[in-house]
Amino acid sequence: MSQGADRVWSVTEHLNSVLGRLAPLERIELQLLDAQGCVLVEDVTVPVALPPFENSSMDGYAVRTADVAAATREHPAVLDVIGDVAAGAGELPTVGPGQSARIMTGAPLPPGAEAVVPVEWTDGGTGGGPAAAMAPRASDPRGASGEVRVHRPAQSGQFVRARGSDAAAGELALAAGTVLGPPQIGLLAAIGRGTVAVRPRPRVVVLSTGSELVQPGEELRPGSIYDSNSFALTAAARAAGAIAYRVGAVTDEVETLRATIEDQLIRADMIVTSGGVSVGAYDVVKEALSTLGGSFGDQAEDSAGFVEFRRLAMQPGKPQGFGRIGPDRVPLFALPGNPVSAYVSFELFVRPAIRTLMGAATVHREVVRAVCVVGIEESPSGKRQYLRGHYDRMTGTVTPVGGSGSHLVKALAHADALIVVPEADTSVAAGAEVDVILLDQ
Ligand code: AMP
Ligand code: MG
């Protein structure tokens, strides 16, 4: 392997070197909905039993089991209805022998009662059957008069949710490391947590470089093209779990680019640029960032940080810049400009980096073995090639989509996988097995 500026890095070496320079973001306390998708960094215990009190799982009547033990359709038990117990009721009637209370789902079981008889097993207290039963009673809102006929006996605890039957006080609700999805956020709310300690979503600033770039929706000039990278990369950063800010396209001027990046540092946990990292005359990213000073690796960075530009043994995506800049050492990825190169580079390096900042347990995409149904005739020797493909989970096969050109954005948009052709292979026979990186969630 060659050293210094001539050195060519393998994909794995570059990835390891990048991830080795990143640490998860500091924990913060967030409102529940702001913590969606974040990794929990505290063990959350249940403060009070869930549910916090015995309550009914049905609309019906709270009864004493002895009173209905002999009840049948022919010989129903006839009980006095002494009141209504709605969800949220604070004051509860006491159910004595021969008595019952009309009760709603989620309402506390009143003292004296041992079970709930669903309204369907009664005449609804109206003599008219269950259909009219649960309607509010205009004459007496507490329903504190009348009788109910019960057709079936009830076991003790029937249709009653015991206190703590979901979770006991002191029990572990969610362990540190849990990713907070909707049900986990629901649980936190259910046990009364207003905020939780998590690793925040990284704030990723995305900008494109290129004087040829025009904002979509505007008129193309001769020789100009639409800026697609800043959109694709912002969307990709969001899909990876980040809060992403799209700055848009910056012209190929070193000072403009430097000033823009400097302005963005304040709100960035990571900066991603595209374009301007090759060896062309207007490759300003390289020019703007490689002169920040210092070095990276074993040597110390200077006050401004440093971005190193490397050549990788991969296709697409050979030129890659990475470093940490500004007083806070914000990680910066300088990705190549070709849209497919930029996107593949994001998938391989930036996405794992975002996931690392989030403290995620899995930082990489799922990789599967699949049968490549079409032969790949040419693959560059000595480079790991990533071709776009469509993966069929049912058959375990993958089909290349489009060619190897790194400008083929339509093919990329119709792909859901990357086919990996190893460095040593210069072709893939039809029917051969290959590694496939699945891009779908
Ligand atoms: P560069 O690395 O800046 O030389 O760009 C390589 C190729 O990618 C050129 O054809 C650029 O026009 C194209 N390109 C660079 N940035 C973008 C972008 N943001 N959106 C679409 N194409 C781009
Ligand atoms: Mg350019």
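Just so it is clear, the structure is predicted and the values come from calculations on it, not from any experiment.

Thresholds, definitions, all that
- Residues numbered from 1 in each chain as written.
- Chains lettered and ligands numbered in written order.
- Predicted model: local features only at pLDDT ≥ 70, side-chain atom pairs only at ≥ 80, totals over all residues.
- Heavy atoms only, no water.
- Pairing = 2+ DSSP bridges.
- Helix = DSSP H or I, 4+ residues; strand = E, 2+ residues; numbered from the N terminus.
- Buried < 20%, exposed > 50% of the residue type's maximum accessible area, 1.4 Å probe, protein only.
- Contact = heavy atoms within 4.5 Å.
- Polar contact = N/O pair within 3.5 Å; in protein donor to acceptor, adjacent residues only side chain to side chain.
- Salt bridge = Lys/Arg side-chain N within 4 Å of Asp/Glu carboxyl O.
- Core = buried A, V, L, I, M, F, W, Y, C linked by side-chain atoms within 4.5 Å.
- Domains from an automatic or database assignment.
- Near = heavy atom within 4 Å.
- Areas by Shrake-Rupley, 256 points an atom, 1.4 Å probe, with all protein chains shown as cover.
- Nonpolar A, V, L, I, M, F, W, Y, C, P; charged D, E, K, R; others polar.
- Buried area = accessible area lost by both parts, 1.4 Å probe.
- Axes fitted to C-alpha atoms, helices over the stretch in contact; angles between N-to-C directions.
- Parallel < 35°, antiparallel > 145°, perpendicular 65-115°, else oblique.
- Left-handed = near helix turned anticlockwise from the far one by under 90°.
- Bend = angle between axes of the 7 residues up to and from the residue.

Q: Would you explain the sheet that holds strand β18 (residues 270-274) in this entry?
A: The pairing of strands in a sheet comes from backbone hydrogen bonds and takes either a parallel or an antiparallel form. Reading across from one edge, β1-β19-β21-β22-β18-β14-β17 is the order of the 7 strands in this open sheet, with mixed pairing throughout. Sheet topology places β1 (8-9) and β17 (243-250) at the edges, where each strand pairs with a single neighbour. As paired strands, strand β21 (residues 319-325) and strand β22 (residues 330-335) are joined by 5 bridges and run antiparallel to one another. Its bridge partner lying in β22, R324 is registered against P331.

Q: Help me out: how do you make sense of the environment of D227 in this one?
A: Mapped onto the secondary structure, D227 falls in the loop between β16 (225-226) and α4 (229-239). Relative accessible area serves as the criterion here: at 2%, D227 is assigned to the buried category. Residues D227 and G248, 21 residues apart in the sequence, show an inter-C-alpha distance of 7.7 Å. Ignoring anything within four residues of it in the chain, the contact list for D227 reads S208, L213, V214, P216, R246, G248 and A249. A polar contact of 3.3 Å, which involves the side chain of D227, links it to the backbone nitrogen of N229.

Q: Just to check I follow, could you spell out the pattern of salt bridges for this structure?
A: For side chains of opposite charge, pairing can occur when their charged atoms come near one another. Following the criterion strictly, the structure yields 13 salt bridges and no others. One salt bridge connects E255 with R258, and the closest N-O pair in it is separated by 3.2 Å. Highlighted residues: E255 and R258, both in helix α5 (residues 254-264), separated by 3 residues, approximately one helical turn. Across the salt bridge formed by R369 and D435, the nearest N and O atoms sit 3.2 Å from each other. Of the two residues, R369 is situated in strand β23 (residues 367-372) and D435 in strand β27 (residues 433-438); the sequence distance between them amounts to 66 residues.

Q: What should I look at first to understand the nonpolar core in this one?
A: Note that soluble globular proteins tend to have their nonpolar side chains buried in a common cluster. Formed by 40 residues in total, the largest nonpolar core has its most connected members in M270, F333 and I354. Counting only elements with at least two residues in this core, the list comes to α1 (11-19), β14 (203-209), α4, β18, β22, α7 (339-358) and β26 (417-421). The greatest single-element share of this core, amounting to 12 residues, is contributed by α7. In this structure, this core is formed jointly by two domains, domain 1 (8-25 + 201-358) and domain 4 (367-438), each of which donates at least three residues. Setting aside its immediate chain neighbours within four residues, F333 contacts V18, M270, I271, V272, T273, G321, F322, F349, V350 and A353. Counting 20 residues, the second-largest nonpolar core is a separate cluster that includes V205, L265, A288 and L332.

Q: Explain the pairing of β22 here, please?
A: Successive residues of a regular strand alternate their side chains across the two faces of the sheet. In terms of burial, β22 is largely enclosed, as 6 of its 6 residues are buried. Going residue by residue along β22, you find V330, L332 and A334 tucked away on one face and P331, F333 and L335 tucked away on the opposite face as well. Bridging between β18 and β22 involves 4 bridges; their strand directions are parallel. Paired with I271 across the strands is L332, a residue of β22.

Q: Just checking my understanding: could you explain the site of ligand 1 for this structure?
A: In the region of ligand 1, 16 residues are neighbours, and E212, D227, S228, N229 and G276 sit closest. Measuring from an oxygen atom of ligand 1, one finds a backbone N or O atom of G276 at 2.8 Å. Between ligand 1 and N338, the relevant distance is 3.2 Å, taken from an oxygen atom to a main-chain nitrogen or oxygen of the residue. Here ligand 1, which alone exposes 480 Å², has 77% of that area covered by the protein. Among the secondary structure elements, those contributing two or more residues to the shell around ligand 1 are β14 and β16. In terms of residue class, the shell around ligand 1 is built from 4 nonpolar, 9 polar and 3 charged.

Q: Would you mind showing me how to read the domain arrangement of the chain here?
A: It is common to report an interface's size as the accessible area lost on association of the parts. Considered domain by domain, the chain is made up of domain 1 (8-25 + 201-358), domain 2 (28-50 + 173-199), domain 3 (55-161) and domain 4 (367-438). Note on domain 1 versus domain 4: buried area summed over both sides is about 1,300 Å², and carbon and sulfur give 64% of it. For domain 1, the biggest contributors to the area lost against domain 4 are A313, Q315 and V340; these three give 43% of the whole. At the junction of domain 1 and domain 4, the tally comes to 0 salt bridges. Linking domain 1 to domain 4 there are 6 residue pairs in polar contact (both at pLDDT 80 or more). Taken together, the elements giving at least two residues each to the side of domain 1 that touches domain 4 come down to α1, β20 (314-315) and α7.

Q: Please clarify how the packing of α4 against α7 should be interpreted in this entry.
A: Between two packed helices, the angle of one axis relative to the other and the distance separating the axes together describe the packing. As a packed pair, α4 and α7 sit with axes 10 Å apart at the nearest point and diverge in direction by 25°. One finds that α4 runs roughly parallel with respect to α7. As α4 runs across α7, the sense of the crossing is right-handed. Contacts between α4 and α7 involve N229, L233, A236 and A237 from the first element and P339, A342, Y343, F346 and I354 from the second. In the contact of α4 with α7, the residues fall into 8 nonpolar, 1 polar and no charged.

Q: Just to check I follow, could you spell out the side chain of D123 for this structure?
A: Here D123 is to be found in the loop between β9 (115-118) and β10 (147-150). Since its relative accessible area comes to 9%, D123 is described here as buried. A distance of 2.7 Å separates a polar atom in the side chain of D123 from the backbone nitrogen of G125. Here the side chain of D123 touches R149 through a polar contact of 2.9 Å, landing on its backbone nitrogen.

Q: Looking at this structure, I do not really get the pairing of β23. What am I missing?
A: Pairing between β23 and β27: 5 bridges, direction antiparallel. For A370, the partnering residue across the bridge sits in β27 and is V434. Here β23 runs beside strand β25 (residues 397-400); their pairing, made up of 2 bridges, is parallel. Bridge pairing in β25 places V371 opposite T397.

Q: Help me understand α7 in this model?
A: In α7, a bend of some 45° at F346 exceeds every other bend along the element. Extensive coverage of α7 is indicated by the burial of 19 of its 20 residues.

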